[in-house]
Amino acid sequence: MRILSSSVGRKILMSITGQLLIIFILIHLIGNSTIFFGPNGINAYAEHLHSLPPLVWAFRLFMLAAIAVHIAYGVTLTLENKAANPGAYAVKRNLKASFASENMIWTGLLVLCFIGYHLLQFTIHGTPDVVVGLDSANRPDVFRMVVTSFGNALISLAYMFAMLMLFLHLSHGIPSFLQTMGWNNEKTIPAFGTGGKVISAILMLAYISIPAVILAGLLKL
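Fair warning: this is a prediction, and the values are worked out from it, not measured in the lab.

### As for the UniProt feature "transmembrane region" (unreviewed entry) in the chain
And then number 1: According to UniProt, the feature "transmembrane region" (unreviewed entry) maps to residues 12-37, 57-79, 100-120, 153-178 and 198-219 in the numbering used here.
And then number 2: Across residues 100-120, the secondary structure splits into 95% helix and 0% strand, with the terminal C-alpha atoms separated by 27 Å.
And then number 3: For residues 198-219, the end-to-end C-alpha separation is 27 Å, with 82% helix and 0% strand making up the annotated structure.

Given below as structure tokens:
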């Protein structure tokens, strides 16, 4: 395909898959936030998801494909940019270099490692901290599983660190997407840059709030 053979086409695909992942991050956050309603909140949500296995697995496979495309082209473009212009991202022409922009590949890979661990922990139930069972209504007791796991300070701190990496990645990725799609210019760069940081910070703080309130004892069994 022609779009795959050009640098611009690969950037567009990487940007689009990145935005699909942001939509997923938002949807996932809304689902996770049901934990603040107690066992009847998140356990009912989990039961609803378990009642839709074909849809849930189709969505998971679609998102895994989006992640694969995003990573593949992210790494490819980074290597191409460094080979063509050593020590500099091509995006520097229009976006001021920052720690986030300089380390996109590393924050992305750290987030990828977290996704792998997160799936192993709460989807596959393959880590020793996970407590699997049913609640009094015979639903998957996700509330107990999450509260028990995040009651471990090391696990919670690792989760918070991963959310910090996600913040750094998104704070540059969001305005980068707007630039790649041609929706950014010299006048809007500062506003879109600030907007990207604000959106990323809101998502980070919202996700971090879950282990934080558990460690503080505000959510407990």
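There's plenty left to go through after this.
### Things to note about the pattern of salt bridges
And then number 1: If you walk through the whole model with that rule in mind, you get 3 salt bridges.
And then number 2: Where Glu80 meets Arg10, a salt bridge forms, and the shortest distance between an N and an O atom there is 2.8 Å. Of this pair, Glu80 sits in helix 4 (residues 53-84) while Arg10 sits in helix 2 (residues 7-32); the two residues are 70 residues apart in sequence, bridging distant segments of the chain.
And then number 3: On the basis of relative accessibility, which here comes to 32%, the residue Glu80 falls in the partly exposed class.
And then number 4: For Arg10, a relative accessible area of 10% gives the class buried.
And then number 5: Among the salt bridges present, the one from Asp141 reaches Arg144, with a minimum N-O distance of 3.5 Å.

Here is what the cut-offs are and how they apply
Throughout, residues of each chain are indexed from 1 in the direction in which the sequence is written. pLDDT decides what is reported in this predicted model: residues at 70 or higher carry local features, side-chain atom pairs at 80 or more are listed and counted, and totals for whole chains, interfaces and linings draw on all residues regardless. Side-chain measures here rest on the full set of heavy atoms in the structure, leaving out hydrogens and waters. UniProt positions are given in the numbering used here, feature names are shortened, and annotations may be inferred rather than shown by experiment. Numbering of helices and strands runs from the N terminus, with a helix taken as a DSSP run of H or I at least four residues long and a strand as a DSSP run of E at least two residues long. Any carboxyl oxygen of Asp or Glu that lies within 4 Å of a side-chain nitrogen of Lys or Arg is treated as forming a salt bridge with it. Each residue is placed in one exposure class: buried if its accessible area under a 1.4 Å probe, protein chains only, is under 20% of its type's maximum, exposed if it is over 50%, and partly exposed if it falls in between.

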